[in-house]
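Chain by chain, the residues run as shown.
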Amino acid sequence: MTDSPMSTFHRRLPGVVYGGDYNPEQWPREVWPEDVRLMREAGVRLVNLGVFSWSALEATDGELDFTWLDEVMDLLAAGGIAVNLATPNAAPPPWLAENFPETLLVDRQGTRVSIGSRGHFCPSSPVYRDRSRRIARALAERYADHPALAMWHIGNEYHAHCFCDLCDDRFRGWLRERYGTLEELNRRWGTRFWSQHYSDWGQVHLPRPVRGSVNPSRELDFARFTSDLQLELFTGERDLLRSVTPQVPATTNFMQFFRLVDLHRWGQEVDVVALDIYPDPANVNSLADAAFQYDLMRSVGGGAPWMLMEQAAAAVSQWKLNLVKQPGRMRLGSLQAVAHGSDSVMFFQWRASRQGQEKFHSAMLPHGGTDTRTWQEVRDLGEELVRLGEVATGRTAAQVAIVWDWTNWWAVEGVAHPINSLDYRDIVTRHYRALWRRNVAVDVVTLDDDLSAYRVLVVPNQYLMTQAHSAAVRRFLEDGGHLLVSFFSGIVDEDDRVHEHGHPGALRNVIGGHVRDFSPLPVDTAVTVRAAAHQSLLDGGFRAAAALWQDDLVTESATAVAEYTQGYLAGQPAILDHHLGAGRAIYLGTQLDDDALGELVAAVLQRAGVESVHAAPSGVEVTERQTANDRFLFLLNHGEGTATLTLDRSGVDLLTGHAVETRHEVVLGPGDVAVIRSPLSRVASSGS
Ligand code: GLA
Ligand code: ZN
């Protein structure tokens, strides 16, 4: 049996891989040997090379010149540094736009964008596709046997959506493929409304600006189409590279919640999932939110380790206000990614640029060179990651899943809804954080995934539910699962058509009640909620502030867990608890304040018998990864003060090298981390 491309990669680069984006074309060649020397000093083992090098490799159409790249590849190989070589399709050179204006992307308003930035290509343009594949093939053929080549980095952060005529044609083609007949398209899009019925395919277009409200079903298909169209670009290049270098894994760098890129589908097409992430030091929740992204990466890759492909060593430069990472926080964030399954820590970028759009973006090697705090921390982290080598390839099993669904995102933030400013990211992230604070392992799934491994399933605002979703939820409950589902779920089908027989149509008979009216609350208003009598889920003293939304809920076979004490719904249920099969469905008809949501989530976990990975004081994050023989417990102190916890196992702290015993106290300074290795069997027996 031949090895998978990723096992070849791991054999070559075992352990946790360290490195970053390397852009040598921005520097005179005298700098390159110094780069390699300093990379070695920092422990860099892999660089992402050539991500934006197209114009430096092909100055005019067809005039490919790889001289400088040959030199850099050789230098890196000689220095023992492996290369994740990019196909440079994210930033086409000026000649492409000049010779072929149709390769430029058209925005929704109909403006064809100009050159001078990046990502300005039309994903449908045959010329763009041809030229980007030509250079990709040339790179593959030239470097196939080069000792530095370890991985392919295809493009950069795919997220183009284009409204040009070429894309318009492709959209029609995509719809014909999906629906077959025009009548079916009319049915799916509900075109009897406002006289939109199409009598000829030529009348069907991309959702360019309209005078009033847009047709939500068309918008939904546009989002699906856009994700598919870009994925086609990626897989086209991937297949081309595979045909030349079958043993070299190929990936692209995903980005935190790009709207039109459905990573549940994309994750299946890459050899390894890779993420760029820039947690904002100004946001107190940014590392909890980062954990959500990390768990999403692990999940879309089918549980396999993933790669942290880019992060900032200190500050970014693209926001209004760019705070620096305070001492120790870059280390904490990096080790957090490893704690959640990353087998790499990489940065944008290696050396800070002197010119261009990102000259104030931090880098591993700052403008100030090696006499800087950032460099010191970068070097120290490089050393520490060597000590964590055994963690690599380790996996994490979760008993809890939360649903994050791109298709639902596109639909739930649609037009002419009870609330037209609903923020799906914010709502799901709040639910995730409630789980994160309880230190349970979480997978991030859709209702199309296999749910049989989970005891708890959290489903925030799943507005779009197909018949299959409905059946999956029911099966999950019948098998004894614990479901927590929140308001405005189960409302429409895959075409954004309201389910029949009242709300929530796809969850009727699941939640043990029905919704009489959606009743959004005025902005900045809250009503109080308290535990109901005769319920068995929450502490009797439970109190919450409910905001944003209220369902006017009617109980059928469920029990009220909590009820409103204010407003016109006073005395009516806010939360329902329903037995179904061997399982329990909790329905949350409003948005609770974060503490109360935390209590509700804790109660559901407790009822389901799901425990934290390890007991820890508040502010300490705990995760675990397992390899064939060992368990690695990660303890990460996010707080500003010292935290102490008592270990439930013995082992070795990999970062200090010290042995630790059961009931030993681990003391973590602010931002500090411990990683405890224990043999799998010993953990099992100490728990009994
Ligand atoms: C993204 C890009 C990089 C760079 C960084 C800046 O992740 O991939 O090229 O622009 O952002 O944070
Ligand atoms: Zn286009």
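Remember, predicted model here, so these are calculated numbers, not experimental data. (Residues numbered from 1 in each chain as written. Chains lettered and ligands numbered in written order. Predicted model: local features only at pLDDT ≥ 70, side-chain atom pairs only at ≥ 80, totals over all residues. Heavy atoms only, no water.)

**Some thoughts on the overall build of the chain**
Condition: In this text, helices come from DSSP runs of H or I with a minimum length of four residues, and strands from runs of E with a minimum of two, each type numbered from the N-terminal end. The size measure is the radius of gyration over C-alpha atoms, and the globule rule it meets is 2.2 Å times the number of residues to the 0.38 power. When accessible area is computed with a 1.4 Å probe and restricted to protein chains, residues below 20% of their type maximum are described as buried, those above 50% as exposed, and intermediate ones as partly exposed. Each accessible area is a Shrake-Rupley estimate made with a 1.4 Å probe; only the visible protein chains count as cover when residues are assessed. Only four residue types enter the charge count: Lys and Arg as positive, Asp and Glu as negative, with His and the chain ends excluded. The location of each charge is read from NZ of Lys, CZ of Arg, CG of Asp or CD of Glu.
Helix and strand content of the chain: 18 helices and 27 strands. The C-alpha atoms of the chain give 26 Å as radius of gyration, which agrees with the globular expectation for 688 residues (26 Å, within 12%). The principal-axis extents of the C-alpha atoms in the chain amount to approximately 75 × 75 × 50 Å. Of all 688 residues assigned to the chain, the portion counted as buried reaches 58%. A total of about 27200 Å² of accessible surface is found on the chain, and carbon and sulfur atoms cover 48% of it. Averaging the locations of the 63 positively and 87 negatively charged side chains of the chain gives two centres separated by 1 Å.

**Concerning the environment of P679**
For the record, the criterion: Any pair of residues with heavy atoms lying within 4.5 Å of one another is described as a contacting pair.
One can find P679 in strand β27 (residues 673-679). Each C-alpha atom of the pair P679 and T627 lies 9.6 Å from the other, and the pair is 52 residues apart in sequence. Residues contacting P679, with those up to four places away along its chain left out, are N629 and D630.

**Observations concerning helix α11 (residues 286-300)**
As a reminder of what qualifies: To estimate the expected span of a helix, count its residues, drop one, and scale the result by 1.5 Å.
Between its first and last C-alpha, α11 extends 21 Å over 15 residues, near the 21 Å set by a 1.5 Å rise per residue. Of all 15 residues in α11, 15 are buried; the element is thus mostly enclosed. G302, located one to two residues past α11, shows a positive phi value of around 70°.

**Some points on the confidence of the model for the chain**
Regions with low pLDDT should not have their predicted coordinates read in detail. Worth spelling out the cut-off: Confidence per residue, as judged by the predictor, is encoded in pLDDT with a range of 0 to 100.
The pLDDT averaged across the chain works out to 97; a share of 99% of its residues lies at or above 70. Contacts of residues 684-688 to residues separated by more than four positions or lying in other chains number 2 contacts, the stretch itself having pLDDT below 50.

**Some details on the environment of F632**
Position of F632 among the secondary structure elements: in strand β22 (residues 630-637). Accessibility expressed as a relative area gives 0% for F632, which makes it buried. Separated by 293 residues in sequence, F632 and A339 have C-alpha atoms that sit 8.7 Å apart. Apart from residues no more than four positions distant in its own chain, F632 is found in contact with E390, V391, T623, E624, R625, T627, L654, V675, I676 and R677.

**Points about the pattern of salt bridges**
So the rule is basically this: We define a salt bridge as a contact between a side-chain nitrogen of Lys or Arg and a carboxyl oxygen of Asp or Glu at a distance within 4 Å.
This structure, assessed with the given rule, holds 50 salt bridges. Among the ionic pairs, R172 bridges to D168, the shortest N-O distance being 3.0 Å. Taken as a pair, R172 and D168 lie in helix α7 (residues 165-179) at a separation of 4 residues, close to a single helical turn. Overall, the relative accessible area of 14% leaves R172 in the buried class.

**Structural notes on the sheet that holds strand β21 (residues 620-626)**
Where we set the bar: For two strands to count as paired, DSSP must find a minimum of two bridges between them.
As summarised here, the arrangement of the 5 strands in space is β21-β22-β27-β24-β25, forming an open sheet in which the pairing is antiparallel. Of all strands in the sheet, those bounded by a partner on one side alone are β21 and β25 (659-660).

**Description of the site of ligand 1**
The cut-off we apply is this: Residues are classed as near a molecule or strand on a simple rule: at least one heavy atom within 4 Å of it. Each polar contact in these results corresponds to two N or O atoms within 3.5 Å; when the atoms are within protein, one needs to be able to donate a hydrogen and the other to accept it, and residues that are neighboring in sequence are counted only if both atoms are side-chain atoms. Classes in brief: Ala, Val, Leu, Ile, Met, Phe, Trp, Tyr, Cys and Pro nonpolar; Asp, Glu, Lys and Arg charged; the others, Gly included, polar.
Taken together, F52, R118, N156, E157, N253, D276, Y278, E310, Q318, F348, E358 and H361 make up the full set of residues adjacent to ligand 1. One nitrogen or oxygen atom from the side chain of R118 is found 2.8 Å from an oxygen atom belonging to ligand 1. Between an oxygen atom of ligand 1 and a side-chain N or O atom of E358, the distance comes to 2.5 Å. Contact with the protein chains covers 97% of the free accessible surface of ligand 1, which is 310 Å². Counted by class, the shell around ligand 1 contains 3 nonpolar, 4 polar and 5 charged residues.

**What about the packing of α11 against helix α15 (residues 424-437)?**
Rules: Throughout, an axis means a line fitted to C-alpha atoms (over the contacting stretch in the case of helices), and angles, computed between N-to-C directions, take values from 0 to 180 degrees. An angle below 35 degrees is treated as roughly parallel, one above 145 as roughly antiparallel, one from 65 to 115 as roughly perpendicular, and anything else as oblique.
Two elements in contact, α11 and α15, have axes separated by 9 Å at closest approach and are oriented at 95°. Viewed along their axes, α11 and α15 adopt a mutual orientation that is roughly perpendicular. Each of A288, D289, A291, F292 and D295 in α11 lies in contact with α15, whose residues at this interface are V428, T429, Y432, R433 and W436.

**Side note on the domain arrangement of the chain**
Often, the extent of an interface is quoted as the loss of accessible area upon association of its parts. For the record, the criterion: For the domains described, the bounds stem from an automatic or database domain assignment. Accessible area that two parts lose when put together, evaluated with a 1.4 Å probe and summed over both, is termed the buried area.
Taken domain by domain, the chain comprises domain 1 (5-158 + 246-391), domain 2 (400-608) and domain 3 (620-685). Look at where the C-alpha atoms of domain 1 and domain 2 centre, and you get two points 38 Å apart. On the side of domain 2, 20 residues touch domain 1, which itself brings 19 residues to the contact. Sorting the residues of domain 1 by area buried against domain 2 places F257, R259 and F292 first, and these three jointly supply 39% of that buried surface. Counting the contacts that link domain 1 with domain 2 gives 2 salt bridges. We note a salt bridge from D443 to R298, for which the minimum N-O separation is 2.9 Å. Applying the counting rule to domain 1 against domain 2 returns 10 residue pairs in polar contact (both at pLDDT 80 or more). Elements with a contribution of two residues or more to the side of domain 1 that touches domain 2: α10 (263-266) and α11.

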